[in-house]
Amino acid sequence: MQVPLYQAKAEFFRMLGHPVRIRVLELLQNGPVPVRDLLAAIDVEASNLSQQLAVLRRSGIVVSIRDGATVSYALAGGDVADLLRAARRILTELLTGQSELLAELQQLGPQTDRTDKVAGR
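Bear in mind the structure is a predicted one, so any value in this text is a computation, not a measurement.

## A word on the confidence of the model for the chain
Part 1: Confidence in the prediction of the chain, expressed as mean pLDDT, is 90, and 91% of residues score 70 or more.
Part 2: Mean pLDDT per element in the chain: helix α6 (residues 110-118) is the minimum at 59, and strand β1 (residues 33-34) is the maximum at 98.

Below is the structure:
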């Protein structure tokens, strides 16, 4: 039985839903990176990094490359980098809107809240 597209998408985003996995994908955007460099850049235990890399590898988002004793990882395709850039743009827009709201609230000051309560607003 085939999985509906919306369910496959949800599973895809769940797979991305771990900070270490996102960080790994960010680090791989510019090309293959040896595991030792990933470990140096991400503050996690080697076993945890290995586990997260395995999830990404099983999903087909990253590939491992062996060169002698060195194992590196790379993005399987450029679409993942595009997705990360889109996420950055979306977050930037959301946070910009929140900072504008915060600035407006700070400009109005605490008196506005009391006035709104008294006036029943």
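More follows now that the structure is in view.
## Overview of the nonpolar core
Part 1: Counting 20 residues, the largest nonpolar core has Val24, Leu25, Leu28 and Val62 as its most contacted members.
Part 2: Elements supplying a minimum of two residues to this core: α1 (5-16), α2 (19-27), α4 (46-59), β3 (70-75) and α5 (79-108).
Part 3: With 4 residues, α4 is the largest single contributor of residues to this core.

## With respect to the environment of Leu101
Part 1: Note on placement: Leu101 falls in helix α5.
Part 2: Residue Leu101 is classed as partly exposed on the basis of its relative accessible area of 48%.
Part 3: The spacing of Leu101 and Ala87 is 14 residues in sequence and 21 Å in space, taken between C-alpha atoms.

## Thoughts on the sheet that holds β3
Consider a sheet: its strands pair through backbone hydrogen bonds, and that pairing is either parallel or antiparallel.
Part 1: On the basis of which strands lie adjacent, the open sheet formed by 3 strands has the order β1-β3-β2 and antiparallel pairing. Two strands close off the open sheet at either side, each with one partner strand: β1 and β2 (62-67).
Part 2: Relative to β3, β1 runs antiparallel, the two sharing 2 bridges. Counted as the bridge partner of Val33 is Tyr73 from β3.
Part 3: Contacts between α4 and the sheet are confined to β2 and β3, with β2 contributing the most and set at about 110° to the helix.

Rules and cut-offs
- Residues numbered from 1 in each chain as written.
- Predicted model: local features only at pLDDT ≥ 70, side-chain atom pairs only at ≥ 80, totals over all residues.
- Heavy atoms only, no water.
- pLDDT = per-residue confidence, 0-100.
- Helix = DSSP H or I, 4+ residues; strand = E, 2+ residues; numbered from the N terminus.
- Core = buried A, V, L, I, M, F, W, Y, C linked by side-chain atoms within 4.5 Å.
- Buried < 20%, exposed > 50% of the residue type's maximum accessible area, 1.4 Å probe, protein only.
- Pairing = 2+ DSSP bridges.
- Contact = heavy atoms within 4.5 Å.
- Axes fitted to C-alpha atoms, helices over the stretch in contact; angles between N-to-C directions.

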